[in-house]
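Commentary on secondary and tertiary structure
The primary structure of each chain is shown beneath.
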Amino acid sequence: HQAQVNGDISIRNITYTYYGSDEPVLKDVSLELKQGEKLALLGRTGCGKSTLLQLLTRNWDPQQGDISIDGIALPAWHEDSLRQAITVVSQRVDVFNGSLRENLVLAKPDGSDDEFRDALAKVGLEALLEGKGLDTWLGEGGRQISGGERRRIGIARALLHDAPILLMDEPTEGLDRRTEQQIIKLLLDHAKDKTVLFITHRLVGLDQMDQICLMDEGKIIESGQHDML
Ligand code: ATP
Ligand code: MG
């Protein structure tokens with residue numbers, strides 16, 4: 001039995017320095033997201049956006065400051081509960097050698113083939129089903145997939161994993177503009193009631209965010225609503 005997670009996120013005065021480096025990449029960063037709120041994080045390359053996301057998923061722990069979800073500090077979360085609470089579309093989607101089904105089932109262990117096919121259709125990947133369907137082998141010794149297809153597999157996984165928190169790290173990088181519009185709409189419709197942290201340096205979807213924060217050299221230098229742009 002899993003307790004219901006609301007999806008409140010609180011990031012307080014985080015400082016993070018990579019091992020072996022002497023300069024922090026995040027400096028006293030604070031962000032507050034209530035259940036269902038949507039925040040876009042913008043900033044130039046290397047400013048620390050993805051690092052912040054990695055701290056939220058507890059890949060690494062900050063040296064200073066606290067992160068909590070639903071008021072519970074991240075270190076106190078059970079690994080499984082945390083995985084169930086958060087969906088991540090990472091900047092680099094990992095597709096492994098295996099069937100299409102195996103590449104999706106990790107997002108929804110009890111998902112049915114119909115659900116997997118439906119998610120693939122939503123992201124425009126029906127063509128991958130031609131021939132062997134969900135048994136189509138991806139990667140080495142199988143179907144080589146393009147960068148765009150890889151991204152869409154990442155999006156399909158996010159649609160399948162129904163968690164109260166959605167973290168997206170430039171989910172449409174490398175996709176054409178029309179596809180980008182469709183995918184962002186799909187993700188934001190899916191995340192209507194979810195708490196969303198959306199890392200991007202594009203303008204698509206920003207009108208639907210409650211907060212827009214601008215990061216520079218590891219600090220939040222500005223935050224406001226859509227009209228600040
Ligand atoms: P981009 O927009 O290019 O994705 P970003 O804002 O996501 O950039 P990060 O990936 O968070 O930036 O990187 C912030 C800084 O930390 C960069 O200077 C980067 O070189 C450094 N960095 C990132 N990952 C590591 C790591 N594993 N070890 C050491 N330094 C790292
Ligand atoms: Mg990044």
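What counts as what
Residues numbered from 1 in each chain as written. Chains lettered and ligands numbered in written order. Predicted model: local features only at pLDDT ≥ 70, side-chain atom pairs only at ≥ 80, totals over all residues. Pairing = 2+ DSSP bridges. Helix = DSSP H or I, 4+ residues; strand = E, 2+ residues; numbered from the N terminus. Axes fitted to C-alpha atoms, helices over the stretch in contact; angles between N-to-C directions. Contact = placed C-beta atoms within 7 Å. Buried ≥ 20, exposed ≤ 12 C-beta atoms within 10 Å, placed from the backbone. Expected span 1.5 Å × (residues − 1). Near = placed C-beta within 6 Å. Nonpolar A, V, L, I, M, F, W, Y, C, P; charged D, E, K, R; others polar. Parallel < 35°, antiparallel > 145°, perpendicular 65-115°, else oblique. Left-handed = near helix turned anticlockwise from the far one by under 90°.

As recorded by an unreviewed UniProt entry, the chain carries the name Cysteine/glutathione ABC transporter ATP-binding protein/permease CydC and is attributed to Photobacterium alginatilyticum.

**A word on the sheet that holds strand β3 (residues 38-42)**
On the basis of which strands lie adjacent, the open sheet formed by six strands has the order β6-β9-β10-β3-β11-β12 and mixed pairing. Looking at strand neighbours, the two that pair on one side only are β6 (86-89) and β12 (219-224), the edges of this open sheet. Along the sheet, successive strands turn relative to each other by an average axial angle of 15°, direction set aside. Of the strand pairs in this sheet, strand β9 (residues 165-169) and strand β10 (residues 195-199) are connected by five bridges, and their pairing is parallel. Opposite Met-168, over in β10, you have Phe-198 as the bridge partner. Where helix α1 (residues 49-56) meets the sheet, its contacts fall on β3, β9, β10 and β11 (211-216), and the angle it forms with β9 comes to roughly 150°.

**Examining unusual backbone geometry**
Trans peptide bonds make up most of the peptide bonds, and negative phi angles are found at most residues other than glycine. Even without being glycine, Asn-13 reaches a positive phi, approximately 50°. Structurally, Asn-13 is set in strand β1 (residues 9-16). Judged by local crowding, Asn-13 falls into the exposed class, with 12 C-beta atoms found within 10 Å. The residue Glu-170 is not glycine, and still its phi comes out positive at about 45°. Locating Glu-170 in the fold gives a position in the loop between β9 and α6 (177-190).

**Details of helix α5 (residues 147-160)**
Over its 14 residues, α5 extends 20 Å from the first C-alpha to the last, a length consistent with the 20 Å expected when each residue adds 1.5 Å. The buried fraction of α5 amounts to ten of the 14 residues, a majority that puts the element mostly inside the structure. The set of residues buried in α5 consists of Arg-151, Arg-152, Ile-153, Gly-154, Ile-155, Ala-156, Arg-157, Ala-158, Leu-159 and Leu-160. In this structure, the buried residues of α5 make contact with β6, α3 (100-105), α4 (113-122), β9 and α6.

**Overview of the site of ligand 1**
Around ligand 1, a shell composed of Tyr-18, Ser-21, Val-25, Gly-43, Thr-45, Gly-46, Cys-47, Gly-48, Lys-49, Ser-50, Thr-51 and Gln-91 is seen. When its residues are assigned to classes, the shell around ligand 1 shows three nonpolar, eight polar and one charged.

**Digging into the packing of α4 against α5**
Where α4 contacts α5, the axes come no closer than 9 Å and their chain directions differ by 130°. Overall, the two elements α4 and α5 adopt an arrangement that is oblique. The chirality of how α4 crosses α5 is right-handed. In this structure, α4 contributes Glu-115, Ala-119, Leu-120 and Lys-122 to the contact, and α5 contributes Ala-156, Leu-159 and Leu-160. Here the residues of the contact of α4 with α5 sort into five nonpolar, no polar and two charged.

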